[in-house]
Amino acid sequence: MTTETTGALSHIKVLDLSRVLAGPWCTQMLADMGADVIKVERPQVGDDTRHWGPPFLQDADGNNTQQASYFAACNRNKRSITIDMSKPEGQELIRSLAMQSDIVVENFKVGGLTQYGLDYASLKKLNPKLIYCSVTGFGQAGPYAERAGYDLMIQAMTGMMSITGKAEGEPMRVGVAIIDVFTGVYACSAILAALEVRHRTGEGQHIDMALLDVGMAILANQAAGFLNTGKVPMRQGNSHPSLAPYQDFETADGAMLLAIGNDGQFARFCEVAGHPEWAQDARFATNTTRVTHRVALVELMLTATRQRTTAQWIATLEDKAVPCGPINHMGQAFADAQVLHRGLKVTQTTSDSVRASTGVASIASVASPLRLGSTPPVLRNPPPALGEHTQSVLQEMGFDAARIAALREAAVI
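Computed from a prediction, not measured in an experiment: that's the story for all the values here.

1. A few points about the packing of helix α4 (residues 151–158) against helix α5 (residues 178–201)
Pairs of packed helices are described in terms of their axes, by the angle between the two and the distance that separates them.
Okay, step 1: Between α4 and α5, the least distance of the axes is 7 Å, while the angle of their chain directions is 95 degrees. As judged from the angle between their axes, α4 and α5 are roughly perpendicular. Contact residues: Asp151, Ile154, Gln155 and Thr158 in α4; Ile178, Ile179 and Asp180 in α5.
Okay, step 2: Looking at the contact of α4 with α5, its residues break down into 3 nonpolar, 2 polar and 2 charged.

Structure follows, in structure tokens:
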């Protein structure tokens, strides 16, 4: 990421009415690409994730603050403004912002913004070019539309938990809120498509993003297998339903991962392991037969993999173009040479407001993986303090000091 470019979306303004993860993940992607994202938060409270801790951000002396690190994961490059949308004056402020925006992203329950006149139909009348993305658990219509949706719930409902974990163990959730994150990515993709349509037609549109839809979609090959065979896939630990050997293996000092995807790679592994005959065995000669005889194959391979350390295996197999790697914890991952080379940890100096209110001097996050050659992602603002930009945004809208003071007095901002 760079600070020397305006970014691919520097001409785009986004009104972010979302909170927690799916919506903010989407808007952070837009912000990283240069869009001006104005995040509307509740006065005194803010986005829920500001308080989801531990872990908390630490001050300059290494002491925990009351600012949760969760918020920092998906809110950099944004400007924070506080507005109480339950008050008519707050609703009018948001309408004014929407009239100046290209995109609105919200994740209120279905119909939740209609009572405030901030739903798509209402805002479209004011700004026909507006692209309005609604993120909900179950979509805008259907028997579950009124239900609240959470990542864990969707992982359970879609069957994702049923295919995650050891075969003999309990269903498990994925270690991050993967459906929330993917919903943010899909929402960003849909918004960019809607922007392209607007270039041709001059019209905005409504985008209906549902965690349930995304959760079903990212079942990917597992869903395709079920839909075309009727066979329900089950948990099988780290092994792959359609490839073998493609899993973790014990070594002399721990474990490694093998990701063998074709017969040539398997033959080269067998040579390195000192058992070229395995590649000639009818049970293991092709991927299909290896999958069929997976149990016998893994038992044989373990007798070999346990003879060398993980580092020895990786050094030897990488030289033979056999996909393999360590099973890192997060500290090891961020210390990895390739991760360091790619600059995947980024650190931003906090604003005066954040330092004054929290004592936090810098905030670290993971760099955007979007590596556009001419217009790479930009680092402009660290995750903002609650309401940090309220005054500057209102001034841009033409509000003078007296009017801003009146809004504060009325607890609208």
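So much for the structure itself; the text now carries on.
2. Points about the pattern of salt bridges
Okay, step 1: Overall, the coordinates contain 13 salt bridges when judged by the stated rule.
Okay, step 2: Of the charged contacts, one joins Lys39 and Asp47 as a salt bridge, the two residues approaching to 2.9 Å between their closest N and O atoms.
Okay, step 3: Overall, Lys39 belongs to the buried group, its relative accessible area being 0%.
Okay, step 4: Given the relative accessible area of 2%, Asp47 is considered buried.

3. What to know about the state of the cysteines
Okay, step 1: Under the counting rule described, the total for this entry stands at 0 disulfides.
Okay, step 2: As a non-bridged cysteine, Cys188 has Cys26 as the owner of its nearest cysteine sulfur, 5.1 Å distant.
Okay, step 3: Classification of Cys188 as buried rests on a relative accessible area of 2%.
Okay, step 4: With no disulfide of its own, Cys324 lies closest to Cys270 among cysteine sulfurs, the gap being 14 Å.
Okay, step 5: Among the residues examined, Cys324 registers a relative accessible area of 17% and is labelled buried.

4. Brief notes about the environment of Thr229
Okay, step 1: Locating Thr229 in the fold gives a position in helix α7 (residues 220–229).
Okay, step 2: Residue Thr229 is classed as exposed on the basis of its relative accessible area of 58%.
Okay, step 3: Within the structure, the side chain of Thr229 is placed 3.1 Å from the backbone nitrogen of Lys231, a separation counted as a polar contact.

5. Thoughts on the sheet that holds strand β9 (residues 246–251)
Okay, step 1: Reading across from one edge, β9-β10-β11 is the order of the 3 strands in this open sheet, with antiparallel pairing throughout. With one partner strand each, in any of the chains shown, β9 and β11 (324–326) form the two edges of the open sheet. In this sheet, neighbouring strand axes are inclined to one another by 30 degrees on average, regardless of whether the strands run parallel or antiparallel.
Okay, step 2: Where strand β10 (residues 254–259) meets β11, 3 bridges bridge the pair, whose relative direction is antiparallel. Bridge assignment links Leu257 to a residue of β11, and that residue is Gly325.

6. A few points about the layout of surface pockets
Okay, step 1: Approximately 1,700 Å³ is the volume found for the largest pocket.
Okay, step 2: Where the lining of the largest pocket is concerned, the elements lending two or more residues are α1 (22–32), β7 (131–136), α4, α5, α13 (330–334) and β13 (362–366).
Okay, step 3: Tallied by class, the residues present in the lining of the largest pocket amount to 27 nonpolar, 9 polar and 11 charged.
Okay, step 4: Its volume calculated, the second largest pocket comes out at about 440 Å³.
Okay, step 5: Around the second largest pocket sit 18 residues that line it, and Ile163, Thr164, Asn221, Gln222 and Pro241 are the ones nearest its centre.
Okay, step 6: Class assignment for the residues of the lining of the second largest pocket results in 9 nonpolar, 9 polar and no charged.

7. Some thoughts on the packing of aromatic side chains
Okay, step 1: A full pass over the atoms with the stated rule returns 4 aromatic pairs.
Okay, step 2: One residue, Arg19, lies across the ring of Phe108, its end atom 4.2 Å from the ring centre.
Okay, step 3: Positioned over the ring face of Trp313 is Arg308, at 4.4 Å from the centre of the ring.

8. Comments concerning the packing of helix α8 (residues 263–273) against helix α12 (residues 310–319)
Okay, step 1: Between α8 and α12, the shortest axis-to-axis distance is 10 Å and the interhelical angle comes to 130 degrees. When the interaxial angle is binned, α8 and α12 end up oblique. Remark: the crossing between α8 and α12 carries right-handed chirality. Only Trp313, Thr316 and Leu317 of α12 make contact with α8, whose side of the interface consists of Phe269, Val272 and Ala273.
Okay, step 2: Residue classes in the contact of α8 with α12 are distributed as 5 nonpolar, 1 polar and no charged.

9. Some points on the sheet that holds strand β8 (residues 206–210)
Okay, step 1: Strands sit in the order β5-β2-β1-β6-β7-β8 across an open sheet of 6 strands; the sheet is parallel. On the outer flanks of this sheet lie β5 (78–82) and β8, each paired with one strand and no other. Averaged over neighbouring strand pairs, the angle between their axes works out to 20 degrees when direction is ignored.
Okay, step 2: In the packing of helix α2 (residues 88–99) onto the sheet, the strands contacted are β1 (13–17), β2 (36–41) and β6 (103–106), and the crossing angle to β1 comes to about 150 degrees.

Rules used in this analysis
- Residues numbered from 1 in each chain as written.
- Predicted model: local features only at pLDDT ≥ 70, side-chain atom pairs only at ≥ 80, totals over all residues.
- Heavy atoms only, no water.
- Axes fitted to C-alpha atoms, helices over the stretch in contact; angles between N-to-C directions.
- Helix = DSSP H or I, 4+ residues; strand = E, 2+ residues; numbered from the N terminus.
- Parallel < 35°, antiparallel > 145°, perpendicular 65-115°, else oblique.
- Contact = heavy atoms within 4.5 Å.
- Nonpolar A, V, L, I, M, F, W, Y, C, P; charged D, E, K, R; others polar.
- Salt bridge = Lys/Arg side-chain N within 4 Å of Asp/Glu carboxyl O.
- Buried < 20%, exposed > 50% of the residue type's maximum accessible area, 1.4 Å probe, protein only.
- Disulfide = S-S within 2.5 Å.
- Polar contact = N/O pair within 3.5 Å; in protein donor to acceptor, adjacent residues only side chain to side chain.
- Pairing = 2+ DSSP bridges.
- 1 Å grid on protein atoms, 1.4 Å probe; cavity = no way out; pocket = protein on both sides within 12 Å on 5 of 7 lines; lining within 4 Å.
- Points joined across faces, edges and corners; volume = space filled by probe spheres on them.
- Phe/Tyr/Trp six-rings, centres within 6.5 Å; stacked < 30°, edge-to-face > 60°.
- Lys NZ or Arg CZ within 6 Å of the ring centre and 35° of its normal.
- Left-handed = near helix turned anticlockwise from the far one by under 90°.

Bear in mind that shape data such as this cannot, by itself, settle questions of function.
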